Amino acid sequence: MIEETTETTTEATGHDDARHSEKMAKKKAARDKIMATKTGEKGLIIVHTGKGKGKSSSAFGMIFRHIAHGKPSAVVQFIKGAMWTGERDLIEKHFSDVCQFHTMGEGFTWETQDRARDVAAAGAAWEKAKELIRDERNSMVLLDEINIALRYDYIDINEVVEFLKTEKPYMTHVVLTGRNAKDELIEIADLVTEMELIKHPFRSGIKGQAGVEF
């Protein structure tokens, strides 16, 4: 009886494996057919927005991919001020030859409490961003937290959209992060990801921690 049960189980497993292999073979063929049609390349406008965590973290992941490929890139931080972060320290210490890093903000809006200063800082950051984007040597430019500056109208959204549409070099990728991305920006973007908040340790009294938040 034990031998018969074992044989039956083995046959069933073998049958399941065969069905799985057949299913995956069909899926691969369909996937390969689709991928064969995807031959174009262009510099993308990429937006990371939403209330969930991970917008800047994901964007820096792409910056580090560029660094790994030896592709010149640049970062402009619009809101974050003098606060030390691991990514900035790593890039400035070890990869400054392939990635420029400019922290142009003076901190979050509730810290400065001075709209005129915030507008001036955002304007200076945008001027630096335009300079870096126009430089075709940069394969990717990250505009970290620019959506915050746009939300409070520190920068004119129409100017940003027009610049990206008309002056961004064709093969340059531009990544824009921050909550509440404007509809006008989403409209012209090639890739938009909205981070959804489900749970966050801050709500349980856990502060931001090195290696997770910064």
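Since the model is a prediction, treat every value here as computed from it, not as a measurement.

**Overview of the packing of aromatic side chains**
Two descriptors summarise a pair of aromatic rings, namely the distance from one centre to the other and the angle between the planes of the rings.
For step 1, the next point in the chain: Counted under the stated rule, the structure contains 3 aromatic pairs.
For step 2, the next point in the chain: Considering the side-chain rings of phenylalanine 60 and phenylalanine 101, the 6.0 Å spacing of their centres and the 10° angle between planes classify their relative orientation as stacked. Of this pair, phenylalanine 60 sits in helix H2 (residues 55-68) while phenylalanine 101 sits in strand E3 (residues 99-103); the two residues are 41 residues apart in sequence, bridging distant segments of the chain. Like phenylalanine 101, phenylalanine 60 is buried.
For step 3, the next point in the chain: For the ring pair tryptophan 126 and phenylalanine 163, a centre distance of 5.4 Å and an interplane angle of 80° mean the geometry is edge-to-face. Highlighted residues: tryptophan 126 in helix H5 (residues 115-134) and phenylalanine 163 in helix H7 (residues 157-166), separated in sequence by 37 residues.
For step 4, the next point in the chain: Under the relative-accessibility criterion, tryptophan 126 is labelled buried at 2%.
For step 5, the next point in the chain: Judged by its relative accessible area of 4%, phenylalanine 163 is buried.

**So, the nonpolar core**
For step 1, the next point in the chain: Of all hydrophobic cores here, the largest spans 31 residues; its most connected members are Phe78, Trp126, Leu143, Ile155, Leu164 and Leu176.
For step 2, the next point in the chain: Sorting the residues of this core by element identifies strand E1 (45-49), strand E2 (73-77), H5, strand E4 (140-144), helix H6 (146-151), H7, strand E5 (173-177) and helix H8 (183-188) as the ones contributing at least two each.
For step 3, the next point in the chain: The greatest single-element share of this core, amounting to 6 residues, is contributed by H5.
For step 4, the next point in the chain: Residues within four places of leucine 164 in sequence aside, it is in contact with Ile45, Ile133, Val174, Leu176, Leu185 and Ile188.
For step 5, the next point in the chain: By size, the runner-up hydrophobic cluster in this structure holds 14 residues, among which are Ile63, Ile67, Phe101 and Val175.

**A look at the packing of H5 against H7**
For step 1, the next point in the chain: It is the contact of H5 with H7, at a shortest axis distance of 12 Å, that shows an interaxial angle of 10°. In terms of orientation, H5 lies roughly parallel with respect to H7. Within the contact between the two elements, H5 uses Trp126, Lys130, Ile133 and Arg134 and H7 uses Glu159, Val160, Phe163 and Leu164.

**Quick look at the pattern of salt bridges**
For step 1, the next point in the chain: Applying the stated rule across the entire model yields 9 salt bridges.
For step 2, the next point in the chain: A salt bridge links glutamate 127 to lysine 130; the nearest nitrogen and oxygen atoms lie 3.0 Å apart. Residue glutamate 127 and its partner lysine 130 are both found in helix H5; the two are separated by 3 residues, about one turn of the helix.
For step 3, the next point in the chain: For glutamate 127, a relative accessible area of 45% puts it in the partly exposed group.
For step 4, the next point in the chain: Measuring nitrogen to oxygen at the nearest pair gives 3.2 Å for the salt bridge that ties lysine 182 to aspartate 153. With a gap of 29 residues between them, lysine 182 in the loop between E5 and H8 and aspartate 153 in the loop between H6 and H7 connect regions that are remote in the sequence.
For step 5, the next point in the chain: Taking the relative accessible area as the measure of exposure, lysine 182 reaches 22% and is therefore partly exposed.
For step 6, the next point in the chain: Three or more residues joined by partner-sharing salt bridges are found here, namely Glu127, Lys130 and Glu159.

Each value, and the rule that gives it
Residues numbered from 1 in each chain as written. Predicted model: local features only at pLDDT ≥ 70, side-chain atom pairs only at ≥ 80, totals over all residues. Heavy atoms only, no water. Phe/Tyr/Trp six-rings, centres within 6.5 Å; stacked < 30°, edge-to-face > 60°. Helix = DSSP H or I, 4+ residues; strand = E, 2+ residues; numbered from the N terminus. Buried < 20%, exposed > 50% of the residue type's maximum accessible area, 1.4 Å probe, protein only. Core = buried A, V, L, I, M, F, W, Y, C linked by side-chain atoms within 4.5 Å. Contact = heavy atoms within 4.5 Å. Axes fitted to C-alpha atoms, helices over the stretch in contact; angles between N-to-C directions. Parallel < 35°, antiparallel > 145°, perpendicular 65-115°, else oblique. Salt bridge = Lys/Arg side-chain N within 4 Å of Asp/Glu carboxyl O.

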